[in-house]
2 protein chains.
Amino acid sequence: MLSDVMEDYLKAIYYLEREGDAPVGTSRIAEYLEVTSPTVTSMVESLADRGFIEREKYKGVELTDEGETVAVEVVRHHRLLEAYLTEHLDYDWSEVHEEADALEHHISEEFERRVAEALGDPEVDPHGDPIPGADLTPPDEGVGTRLSEHGSGDRVRVERVSDRDAEELAYLQDAGIAPGIVLEVTDVAPFGMVTVAVGDEEQSLPETVARSIRVTTATGSEDRAVGGA
Amino acid sequence: MLSDVMEDYLKAIYYLEREGDAPVGTSRIAEYLEVTSPTVTSMVESLADRGFIEREKYKGVELTDEGETVAVEVVRHHRLLEAYLTEHLDYDWSEVHEEADALEHHISEEFERRVAEALGDPEVDPHGDPIPGADLTPPDEGVGTRLSEHGSGDRVRVERVSDRDAEELAYLQDAGIAPGIVLEVTDVAPFGMVTVAVGDEEQSLPETVARSIRVTTATGSEDRAVGGA
DNA sequence: TATAAGGTTTAGATTAGTCTAATCACGGGC
DNA sequence: GCCCGTGATTAGACTAATCTAAACCTTATA
């Protein structure tokens, strides 16, 4: 069996492959998981020995198909749990991430199945992240465009926000920005600061935050500032 | 923080204190947790150092108040999970134990609270085991008497069955024996083999199984072979 | 093209949890 | 009251995951 820690490394590599360039370097993994580089080096050696990643020394790593399947299963667990906690245990979408992180390694196939069934096999979790299907095909993680790529006057619908940072999530929730919400970019200032109109309110978002929000162009029929599923 | 493993040791000592004589010896813990005696010795040293147990060398161990509180919290998690899985995720009462064992160490206070609320703060889990309250006062684990102590003609109501052995549980479920069921002892054979009438069926139970079933004397008003909550 | 900077790996140590083999303690029976 | 068996502990080793400090590649640039 695979340890929790190994699963965490595979999940991290999965995210990092999709977020930046491949191959994924030691220090990016180290930063993401909050461990030191030598720790990552020794861990990726084991993962390569066990066939979950391809590794080229001094270059970086890439998931093999087998490693990707493991990562996708953990991601499926995570996102199903986020959806379940929100839908059936009255959690707020901004606070489910940590709970899901703790539980994702410890649920059985049976549990996964029953939770998926209770939810009616949803396609996305409360943050708008796609939930991989039971066949563990990697989902398309790149829906829409980054809010940071838009300019003044664009009306967009929020598709997806990052679930990783609790502080950021609390801020977004407070600002009324969530998946399904339609907003309009009113200004882009130096350093990428983006100002958006959400309903009657204006909010300014630092570039890092705007980059982590994925949006699609809003059609005229959609209501401003009204959330959807 | 306390590791999963340490929590498992405290939970094991909690059960063993209530099941047999105190203090609890090394080999009983070793057998219960399926590890070797030297492993237990070294682990109980750490637990004693950290104040969770009193230890007397060559004699055995006993939980301190602090250790007992930790054990009771884990037990609360376990039993709430068993109840939740049965009630809300359509699990069968005979198959929830392992899932609860895996999850009990990883749920937050918040999760515990929300699950308890969703269930309406139940007093017992699906096996009839008492669920400790949020204040973590140790519950009375000794309800009723053991089925093995009864003789021919006794009509009793099943209060509680052990949740530890999946095979035994499957057998009992198949035999129609569950908490709430009323049955009548029709025979006690050598080696403690107990024969009981459950509805129209007769079932013979080995002594070890009969000892793990706790019952109370059935009053006339109760229906035979009809389960209750 | 030589070198310095930045990232990566090696070396060596630490902690937690486990094991086997060997030694030790305690209590019952002669 | 001694001896022996059962159970407990000590001794020593191993694996997984982590760290710090030091040595090592790679690459960009001067």
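Preceding block: the structure.
Residues numbered from 1 in each chain as written. Chains lettered and ligands numbered in written order. Predicted model: local features only at pLDDT ≥ 70, side-chain atom pairs only at ≥ 80, totals over all residues. Heavy atoms only, no water.

**Quick word on the protein's contact with DNA strand C**
Inference 1: Surrounding DNA strand C, one finds 21 residues, the nearest of these being A:Thr26, A:Ser27, A:Lys57, B:Ser3 and B:Thr39.
Inference 2: Among the atoms of DNA strand C lying within 4 Å of the protein, the sugar-phosphate backbone contributes 80%.
Inference 3: In this structure, a phosphate oxygen belonging to DNA strand C sits 3.1 Å away from a main-chain N or O atom of A:Tyr58.
Inference 4: B:Ser3 places a side-chain nitrogen or oxygen 2.6 Å from a phosphate oxygen of DNA strand C.
Inference 5: At the level of elements, helix 2 (26-33) and helix 3 (37-49) of chain A together with helix 1 (4-19) and helix 3 (37-49) of chain B are the ones that each hand at least two residues to the surface near DNA strand C.
Inference 6: Class assignment of the residues belonging to the surface near DNA strand C gives a composition of 8 nonpolar, 9 polar and 4 charged. (Near = heavy atom within 4 Å. Polar contact = N/O pair within 3.5 Å; in protein donor to acceptor, adjacent residues only side chain to side chain. Helix = DSSP H or I, 4+ residues; strand = E, 2+ residues; numbered from the N terminus. Nonpolar A, V, L, I, M, F, W, Y, C, P; charged D, E, K, R; others polar.)

**Comments concerning the relation of the copies chain A and chain B**
Inference 1: Between chain A and chain B, the superposition needs a rotation of 180 degrees and an axial shift of 0.0 Å, giving an RMSD of 0.0 Å. The relationship between the two copies is best expressed as a two-fold rotation axis. For chain A, the residue whose C-alpha comes nearest the rotation axis is A:Leu103, separated from it by 3.4 Å.
Inference 2: When the interface residues of chain A are mapped onto chain B, 100% of them again lie at the interface, so the same face is used by both copies. (Least-squares fit on C-alpha atoms with pLDDT ≥ 70 in both. Contact = heavy atoms within 4.5 Å.)

**Comments concerning the protein's contact with DNA strand D**
Inference 1: Close contacts around DNA strand D come from 21 residues, with A:Ser3, A:Thr39, B:Ser27, B:Arg55 and B:Lys57 the closest.
Inference 2: In this structure, a phosphate oxygen belonging to DNA strand D sits 2.8 Å away from a side-chain N or O atom of B:Ser27.
Inference 3: Contacts to DNA strand D include B:Glu45, whose side-chain N or O atom sits 3.3 Å from a phosphate oxygen.
Inference 4: Within the residue set of the surface near DNA strand D, elements represented by two or more residues are helix 1 (4-19) and helix 3 of chain A together with helix 2 (26-33) and helix 3 of chain B.
Inference 5: Per-class residue counts for the surface near DNA strand D are 8 nonpolar, 9 polar and 4 charged.

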